[in-house]
Amino acid sequence: MPQKNEIESESAFKNWINAGLVARIAKHIEFHYPKFDSKAFNKLSTQLPALEMKPRMKLICDFLKSHLPENYTTALDILIDATVKPAPKVEPLKGFDLWAFTEYVHRYGLEDFDESMKALHEFTQRFTAEFAIRPFLIQEEAKTLKVLHKWTKDPSHHVRRLVSEGSRPRLPWGEQLKSFIKDPTPTIELLEKLKYDQELYVRKSVANHLNDISKDHPTIAIKTAQKWLKEAPAKHKDKIDWIVRHALRTLLKKGNPEALKILGFENKGKVHVKNLKISKKEIRVGEHLEFSFDLASTTAAQIMVDYLIHHKKSNGETSPKVFKLTTKSLKTKEVLAIKKKHSFKPVTTRVYYPGTHYLEIMVNGKLLAKVPFNLKK
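Residues numbered from 1 in each chain as written. Predicted model: local features only at pLDDT ≥ 70, side-chain atom pairs only at ≥ 80, totals over all residues. Heavy atoms only, no water.

**Structural notes on the nonpolar core**
If you look at the biggest cluster of nonpolar residues, it comprises 81 residues, and the most contacted ones within it are Ile29, Phe36, Phe41, Leu64, Leu68, Phe101 and Trp151. Contact partners of Trp151, with chain neighbours within four places excluded, come to Met117, His121, Ile133, Val159, Arg160, Leu162 and Val163. If you look at the next biggest cluster of nonpolar residues, it comprises 26 residues, including Val271, Leu276, Ile283 and Val305. (Core = buried A, V, L, I, M, F, W, Y, C linked by side-chain atoms within 4.5 Å. Buried < 20%, exposed > 50% of the residue type's maximum accessible area, 1.4 Å probe, protein only. Contact = heavy atoms within 4.5 Å.)

**Some thoughts on the packing of helix 6 (residues 99-108) against helix 7 (residues 113-123)**
Viewed as axis vectors pointing N to C, helix 6 and helix 7 meet at an angle of 160°, and their least axial separation amounts to 10 Å. In terms of axis orientation, helix 6 runs roughly antiparallel to helix 7. For the crossing formed where helix 6 meets helix 7, the hand is left-handed. On the side of helix 6, the interface is formed by Phe101, Thr102 and Val105, while helix 7 contributes Ser116, Ala119, Leu120 and Phe123. Residue classes in the contact of helix 6 with helix 7 are distributed as five nonpolar, two polar and no charged. (Axes fitted to C-alpha atoms, helices over the stretch in contact; angles between N-to-C directions. Helix = DSSP H or I, 4+ residues; strand = E, 2+ residues; numbered from the N terminus. Parallel < 35°, antiparallel > 145°, perpendicular 65-115°, else oblique. Left-handed = near helix turned anticlockwise from the far one by under 90°. Nonpolar A, V, L, I, M, F, W, Y, C, P; charged D, E, K, R; others polar.)

**Let's talk about the pattern of salt bridges**
A full pass over the atoms with the stated rule returns 19 salt bridges. Here Arg170 makes a salt bridge to Asp216, at a shortest N to O gap of 2.8 Å. Of the two residues, Arg170 is situated in the loop between helix 10 (157-166) and helix 11 (178-182) and Asp216 in helix 13 (residues 200-216); the sequence distance between them amounts to 46 residues. What makes Asp216 partly exposed here is its relative accessible area of 27%. Across the pair Asp306 and Lys324 runs a salt bridge whose closest N-O atoms are separated by 2.9 Å. Remark: Lys324 occurs in strand 5 (residues 318-330) and Asp306 occurs in strand 4 (residues 301-312); sequence separation between them is 18 residues. Accessibility expressed as a relative area gives 42% for Lys324, which makes it partly exposed. (Salt bridge = Lys/Arg side-chain N within 4 Å of Asp/Glu carboxyl O.)

**Digging into the sheet that holds strand 2 (residues 282-284)**
The strand order 2-8-7-4-5 describes an open sheet built from five strands, whose pairing is mixed. Two strands bound the open sheet, and with one partner strand each, they are strand 2 and strand 5. Strand-to-strand twist in this sheet, taken as the mean axis angle between neighbours without regard to direction, amounts to 30°. Relative to strand 8 (residues 366-376), strand 7 (residues 355-363) is paired through nine bridges, and the arrangement is antiparallel. Within strand 8, the residue paired with Met362 across the bridge is Leu367. (Pairing = 2+ DSSP bridges.)

**Focus on the packing of helix 10 against helix 12 (residues 185-194)**
Axis angle and axis distance: for two packed helices, these are the angle between their axes and the distance between the axes, and together they describe the pair. For the pair helix 10 and helix 12, interaxial distance at closest approach is 9 Å and the crossing angle is 150°. Here helix 10 lies roughly antiparallel to helix 12, going by the angle between them. For the crossing formed where helix 10 meets helix 12, the hand is left-handed. In contact with Arg160, Val163 and Ser164 of helix 10, helix 12 contributes Leu190, Leu191 and Leu194. In the contact of helix 10 with helix 12, the residues fall into four nonpolar, one polar and one charged.

**Focus on the packing of aromatic side chains**
Tallied over the full model, the rule gives 15 aromatic pairs. Relative to Phe293, the ring of Phe291 has its centre 6.4 Å away and its plane inclined at 5°; by these criteria the two rings are stacked. One exposure class covers both Phe291 and Phe293, and it is buried. Members of the aromatic cluster, joined through ring pairs, are Trp16, Phe96, Trp99 and Phe127. Here Lys54 stacks its cationic end above the ring of Trp173, 5.8 Å away from the centre of that ring. (Phe/Tyr/Trp six-rings, centres within 6.5 Å; stacked < 30°, edge-to-face > 60°. Lys NZ or Arg CZ within 6 Å of the ring centre and 35° of its normal.)

**Some thoughts on the sheet that holds strand 1 (residues 271-278)**
Across the sheet, which stays open at both edges, the three strands sit in the order 1-3-6 with antiparallel pairing between neighbours. Only two strands of the sheet have a single partner each, and these edge strands are strand 1 and strand 6 (335-343). Strand-to-strand twist in this sheet, taken as the mean axis angle between neighbours without regard to direction, amounts to 20°.

This is the structure:
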């Protein structure tokens, strides 16, 4: 399942749910359930062009509910068979093909816990069940956590990743798990069992999960990171170093002193910004802001360099967004020249308002230099 930062918009994926997919789903289901009304199901294709991604998926899910056996377990067994025992000479279902199947469990499976867990275990190995498992964590927290603890040792890395990803307090696109936002202790216990996982795919989820925790409980996230670094045996040190660096990224952007210290970026005023320049003081939406500056080090220092763009909002105030620049090891009295282009190309996730904006340079969490520029439509 692509992560949120890998997806520009839902529209990029809506065409995945198309007439061809509808036809394939019909063939796989009919192979195991001959009473399935494939003709009526294929007619759904005429409704797809007018719909965005999620409504397309929900249209399919609604049809499955009304045309499969009324008994949930019986219907679910058909969907599982259609997934793991594909019809001959038909491309198997995988990836986004299966979203409507996991949604079926999400919507209708809460009263059949064991059968639903069995289904999610199968589906997540071919797509992902990170969204579908969340209602179970909300309604049956203790029971679901018991299953997740068991799954931390599952042979499938997709299942092990589901343990971490499905229980993330603030999973992008997913329903928030308010209980874990309030107290992340239960999910940290899961992460403890996954932090040395052999698969980067799983460890990346562990890091993202701890980053979620850092947004509400920075002290807990920092203490967890410190504990992991201290306890990691030599053979797992590289894994934990990577997880901690990735997990503390939000705190690093905020200039959290403890997070900076853990990763060796202590704010002791060893570095100064000189000669901050922008190519022009007025740019238009669609153009680039070009800027340059020098970093002068008075002593040897490990530095993390970011820059902030203070975007003007509709109410006239400005709101900063942090962007990564570089990390470097500077020698005593070394001067590092940095150049950068920042795009103001229109994007779906931001509205640009004309007026005075600001560029600001941050080193090791400390704001060191700032310059205004004017943005025009």
